[in-house]
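Spelled out from the first residue to the last, the chains are:
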Amino acid sequence: MGILTNLLDWHCIPYTWGFILMFFYTRSIFFTYSLYWHRSCAHKHFSIHPGFQHVLRFWLWINTTLWFQGHLTRFTAEPTSHHIKADTELDPFTPKKFSLMELFTYEHRPGAARYIASEDVEKYGDPTVEPNDNATLFYKKHQYEGVWISRFFWTILLGPIGFIYSMLLPYFIQYFGTFVGDYFWHKIG
């Protein structure tokens, strides 16, 4: 029992500092997603220097599993379609039509929440924001391997608790973002 207790109690930094670090780390991922994917790519509020874009893409790659071919183009079509068709039957993610559970499913069939028809992707999507440099092509090819960097980092710092946190982190980012960004803010007005 002593080996198991020592293994479960192993960590490099005190848990208090680890939980504070987790809080800011998670916020940095939300900030990166909002700054790069949502504000810069989807809404074109501002442009980001290519070098800094690379840093943001790397940060998203090691913390999420977002990178696959065409996803950013599709993502640019989604909010544009949402704003053009806001709160109508054609809106891809209005909480007036879809429940929170439906928004969580990410089904790709007509009538499902978040469904964007291929003609809407062509019409509203912006393929110019889809980076095609060597690093991004690597991220797309190794979409699920990046999160293991984060898992290794958190396991070294906080032991088993860090590993569990890093395993749940991509899901938390996706579902919390869907809840707050797509459901909650649109539900209250």
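This text follows the structure it describes.
Quick summary incoming for the structure in this document. Everything numeric here is computed off the predicted structure, so don't read it as measured data. (Residues numbered from 1 in each chain as written. Predicted model: local features only at pLDDT ≥ 70, side-chain atom pairs only at ≥ 80, totals over all residues. Heavy atoms only, no water.)

1. With respect to the nonpolar core
Residues Tyr-25, Trp-154, Tyr-165 and Leu-169 are the most contacted members of the largest nonpolar core, which totals 13 residues. Those elements that place two or more of their residues in this core are helix 2 (15-42), helix 3 (50-63) and helix 8 (147-188). The element that contributes the greatest number of residues to this core is helix 8, accounting for six residues. The contacts of Leu-169, once residues within four sequence positions are left out, are Tyr-25, Thr-26, Ile-29, Asn-63 and Ser-150. Ranked by size, the runner-up nonpolar core spans twelve residues in total, among them Trp-37, Cys-41, Leu-56 and Leu-72. (Core = buried A, V, L, I, M, F, W, Y, C linked by side-chain atoms within 4.5 Å. Buried < 20%, exposed > 50% of the residue type's maximum accessible area, 1.4 Å probe, protein only. Helix = DSSP H or I, 4+ residues; strand = E, 2+ residues; numbered from the N terminus. Contact = heavy atoms within 4.5 Å.)

2. Things to note about helix 7 (residues 134-141)
Of the residues making up helix 7, those classed as buried are Thr-136, Tyr-139 and Lys-140. Along the long axis of helix 7, the arc covered by the buried residues comes to 95°, so they all point the same way. Opposite the buried face of helix 7, by more than 90 degrees, sit the exposed residues Asn-134 and Lys-141. Buried positions along helix 7 lie against helix 3. (Arc of directions from axis to C-beta.)

Note that all results are geometric; they support no functional claim without further evidence.
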